Amino acid sequence: MAVRQSACRLLSTVAAGTGPPGTVAVEETLETMARIIPGIFKHSRCRNNVYPQSDVRRYPVPDESVFWTQTYSDYQPPFHESPVLQGKEWADLDVDNASFKPKWNELDGKVNRVSFIGAYEIRDSCPLNPFGRTGIRGRGILGRWGPNHAADPVVTRWKLDEAGQPILHPDSGKRILQMCAIERLDCGEWAIPGGMVDPGEKVSATLRREFLEETMDNDAGEMAGEVEQFFAAGTDIYKGYVDDPRNTDCAWMETVAVNFHDETGSVVGRFPLHAGDDAAKVRWMDVGEEVKLYASHSNIVKRVVDMLEAHW
């Protein structure tokens, strides 16, 4: 009973975005969540809808049939893989290709096939989504079988008045936090400007690269040194599974989210932002309960809000 109560408290932190303010033992908490939540948490963004960038409808998966330990004898998910994966260097080969010999749950050359959740099961030669059924097999539009690793830089500043003083929200009396957000080209939703970790690339390099690509169009100019220094240190916010609409039974998104906060607004807070890469728009967005973001990004941002004791 004590374990289940602990799991429920941890679940509320990641799924509802709640948690204690101030600095927390992030790594210890996330490791515990990774061990417990797969048997409790039910993903929703990757169930009971049409798969992104296709007309393929997922096989219905009710809440009581999400977990693999639960019998679902009628489960017949369609197989879908986007043609865009064919011949791409960043994508795996078909799982039934004789020359494809992956090392599951290991560092496979430069490709990281280790999940933050722990060891995943291999069934019918395919990795099994540790959080359960999604209503579709194959990789969809994801490049890797199993975990697809991303990095999300949550870049924040305080909202200031003309005198340079933090603006307090009239309801909570707390400072209003702003985040650098992009509007995604593929779905039109606002999101953290993150992206995929390239094979052999350090996550810290991915965080910096994705921010520059999507919010500054790779043009740091004379501020290159300041950008480098700003991204040299951040606070880990989340490491684990993402309830992403691209997830399938055989491939899923995982991320490392790191907060880079400009306390005075004198560094990244003054950067001229202009959309690039796969972003349609970019702006400093006020953070609050009413803000709706792509996939699980709202939950990640809520953790930053709690840590900085900002308005929500």
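Rules of the game
- Residues numbered from 1 in each chain as written.
- Predicted model: local features only at pLDDT ≥ 70, side-chain atom pairs only at ≥ 80, totals over all residues.
- Heavy atoms only, no water.
- Helix = DSSP H or I, 4+ residues; strand = E, 2+ residues; numbered from the N terminus.
- Buried < 20%, exposed > 50% of the residue type's maximum accessible area, 1.4 Å probe, protein only.
- Contact = heavy atoms within 4.5 Å.
- Areas by Shrake-Rupley, 256 points an atom, 1.4 Å probe, with all protein chains shown as cover.
- Core = buried A, V, L, I, M, F, W, Y, C linked by side-chain atoms within 4.5 Å.
- Polar contact = N/O pair within 3.5 Å; in protein donor to acceptor, adjacent residues only side chain to side chain.
- Pairing = 2+ DSSP bridges.
- pLDDT = per-residue confidence, 0-100.

- The name an unreviewed UniProt entry gives the protein chain is Nudix hydrolase domain-containing protein, with Anopheles minimus as the organism.

**A short note on the overall build of the protein chain**
Logical step 1: Assigned secondary structure in the protein chain consists of five helices and 13 strands.
Logical step 2: Looking at the protein chain as a whole, 51% of its 312 residues are labelled buried.
Logical step 3: Within the protein chain, counting contacts between residues at least 6 apart in sequence, those at least 24 apart form 69% of the total.
Logical step 4: Carbon together with sulfur atoms contributes 50% to the accessible area of the protein chain, which is approximately 14900 Å² in total.

**Here we look at the nonpolar core**
Logical step 1: The biggest cluster of nonpolar side chains holds 33 residues, and the ones touching the most others in it are L177, M179, Y241 and V301.
Logical step 2: Those elements that place two or more of their residues in this core are strand 7 (146–158), strand 8 (177–184), strand 11 (235–241), strand 12 (251–262) and helix 5 (297–308).
Logical step 3: Sort the elements by how many residues they give to this core and helix 5 lands first, with six residues.
Logical step 4: For V301, the residues in contact, after removing those within four places along its chain, are V154, M179, I192, V287, L293 and W312.
Logical step 5: Counting 25 residues, the second largest nonpolar core, distinct from the first, contains V155, L212, V227 and V282.

**Let's talk about the side chain of S115**
Logical step 1: Mapped onto the elements of the fold, S115 is located in the loop between strand 3 (111–112) and strand 4 (122–123).
Logical step 2: We classify S115 as buried; its relative accessible area is 6%.
Logical step 3: A distance of 3.0 Å separates the side chain of S115 from the backbone nitrogen of I117, its partner in a polar contact.
Logical step 4: For S115, the side chain forms a polar contact with the side chain of E254, separated by 2.5 Å.

**With respect to unusual backbone geometry**
Logical step 1: A positive phi is found at N48, a non-glycine position, where the angle reads about 55°.
Logical step 2: Mapped onto the elements, N48 comes out in the loop between helix 2 (26–36) and strand 1 (79–81).
Logical step 3: The phi angle at D124 is positive, at roughly 55°, despite the residue not being glycine.
Logical step 4: Of note, D124 is situated in the loop between strand 4 and strand 5 (126–127).
Logical step 5: The class of D124 is exposed, set by a relative accessible area of 64%.

**A short note on the side chain of N148**
Logical step 1: Among the secondary structure elements, N148 is positioned in strand 7.
Logical step 2: Residues contacting N148, with those up to four places away along its chain left out, are L142, G143, M196, A251, W252, M253 and E254.

**Comments concerning the pairing of strand 7**
Logical step 1: In terms of residue burial, strand 7 counts as a mostly covered element, since 13 of its 13 residues are buried.
Logical step 2: Bridge count for strand 7 against strand 12 is 12 bridges, and the pairing is parallel. In the sheet register, P153 faces strand 12, and the bridge partner there is V258.
Logical step 3: With two bridges joining them, strand 7 and strand 10 (residues 195–196) adopt antiparallel strand pairing. Within strand 10, the position partnered with A150 by the bridge is M196.
Logical step 4: Bridge analysis of strand 7 against strand 8 gives three bridges, and the strand direction is antiparallel. From the neighbouring strand, W158 faces strand 8, where its bridge partner is L177.

**A few points about the confidence of the model for the protein chain**
Logical step 1: Here the protein chain shows a mean pLDDT of 84. Residues at 70 or above account for 82%.
Logical step 2: Of all helices and strands in the protein chain, the one with the weakest mean pLDDT is helix 1 (residues 2–15) (41), whereas strand 6 (residues 137–140) scores best (98).
Logical step 3: The low-confidence segment residues 1–36, where pLDDT is below 50, has 46 contacts with residues more than four positions distant or belonging to other chains.

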